[in-house]
Amino acid sequence: ACRCGASFEIVTALLKAWPGAVNVKDDDYDRTPLQRACYYISTLEVVIPLLNTWLSFKDNRTNRAILSFQEEEYAFYRDVYVLFSRLHALCNNNTDNHSPREIMDYFIRIQLWNGTTLVLDRNPIVIKTMGLDTKVMADFLCRVGRCCSLTTMWVVLHNEQDLLEGV
């Protein structure tokens, strides 16, 4: 579907029916749907659900997997290039251009939720910089806790001890 320029609706319907398909490589060139979408210069609207689903698999959250999407191999649209440059900055700990907070704000804005949890897993202290009200923080942690590691949640709770006040 990605090779034929499938629409957002088709891509999301296919991912909903079979999320694991995001890791299946095709017979022609041994590429996943996300690699196909990047290779065929798909729009950000199509890349986001593919990347979000792809990041939901633990093996895809490694630096090696993420950095396999190098700009030299793909002719990204400008907004897709921006997305992958943020991911690469996170993997390379290159905060010269974008801080973890800026990367997380960007992922939240484009609704790349598994990207947001990736930032939290790698930089749990970033929650401190968000300035969330304690009542909002509890709901935020409940939602994010479903995707982040136990270690990340421990660091967050350790740094937000006022959440446990009176427990």
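**Describing the packing of helix 3 (residues 44–55) against helix 5 (residues 78–91)**
Working step 1: Contact pair helix 3 / helix 5: the axes reach a minimum separation of 9 Å and the direction vectors enclose 30°. Regarding the angle of helix 3 to helix 5, the classification is roughly parallel. The element helix 3 and its partner helix 5 pack so that their crossing is right-handed. Here L44, V47 and L51 of helix 3 come into contact with helix 5, specifically with D79, V80, L83, F84 and L87.
Working step 2: Its residues assigned to classes, the contact of helix 3 with helix 5 comprises 7 nonpolar, no polar and 1 charged.

**A few points about the packing of aromatic side chains**
Each pair of aromatic rings is reported with the distance of its centres and the angle of its planes.
Working step 1: The tally for this structure, following the rule as stated, stands at 3 aromatic pairs.
Working step 2: Taking the centre distance of 5.3 Å and the plane angle of 90° together, the rings of W54 and F69 count as edge-to-face. Taken as a pair, W54 in helix 3 and F69 in the loop between helix 4 (63–67) and helix 5 lie far apart in primary sequence, 15 residues in all. Both residues of the pair, W54 and F69, count as buried.

**Section: the nonpolar core**
Working step 1: Residues L51, W54, L83, F84 and F107 are the most contacted members of the largest nonpolar core, which totals 45 residues.
Working step 2: In contact with F107, other than residues within four places in its own chain, are L83, R86, L87, L112, G115, T116 and V119.

**Observations regarding helix 3**
Working step 1: Here helix 3 spans 16 Å end to end across 12 residues, near enough to the 16 Å set by a 1.5 Å rise per residue.
Working step 2: With 11 of 12 residues buried, helix 3 is to be regarded as a mostly interior element.
Working step 3: Residues of helix 3 that are buried: L44, V46, V47, I48, P49, L50, L51, N52, T53, W54 and L55.
Working step 4: Here the buried face of helix 3 lies against helix 1 (8–17), helix 2 (33–39), helix 4, helix 5, helix 6 (100–109) and helix 7 (113–122).

**Focus: the environment of V156**
Working step 1: With respect to the helices and strands, the residue V156 is situated in helix 9 (residues 150–159).
Working step 2: Considering only alpha carbons, one finds V156 and L141, 15 residues apart in sequence, at a separation of 8.7 Å.
Working step 3: Excluding anything up to four places from it in sequence, V156 contacts P124, I127 and L141.

About the criteria used
- Residues numbered from 1 in each chain as written.
- Predicted model: local features only at pLDDT ≥ 70, side-chain atom pairs only at ≥ 80, totals over all residues.
- Heavy atoms only, no water.
- Axes fitted to C-alpha atoms, helices over the stretch in contact; angles between N-to-C directions.
- Helix = DSSP H or I, 4+ residues; strand = E, 2+ residues; numbered from the N terminus.
- Parallel < 35°, antiparallel > 145°, perpendicular 65-115°, else oblique.
- Left-handed = near helix turned anticlockwise from the far one by under 90°.
- Contact = heavy atoms within 4.5 Å.
- Nonpolar A, V, L, I, M, F, W, Y, C, P; charged D, E, K, R; others polar.
- Phe/Tyr/Trp six-rings, centres within 6.5 Å; stacked < 30°, edge-to-face > 60°.
- Buried < 20%, exposed > 50% of the residue type's maximum accessible area, 1.4 Å probe, protein only.
- Core = buried A, V, L, I, M, F, W, Y, C linked by side-chain atoms within 4.5 Å.
- Expected span 1.5 Å × (residues − 1).

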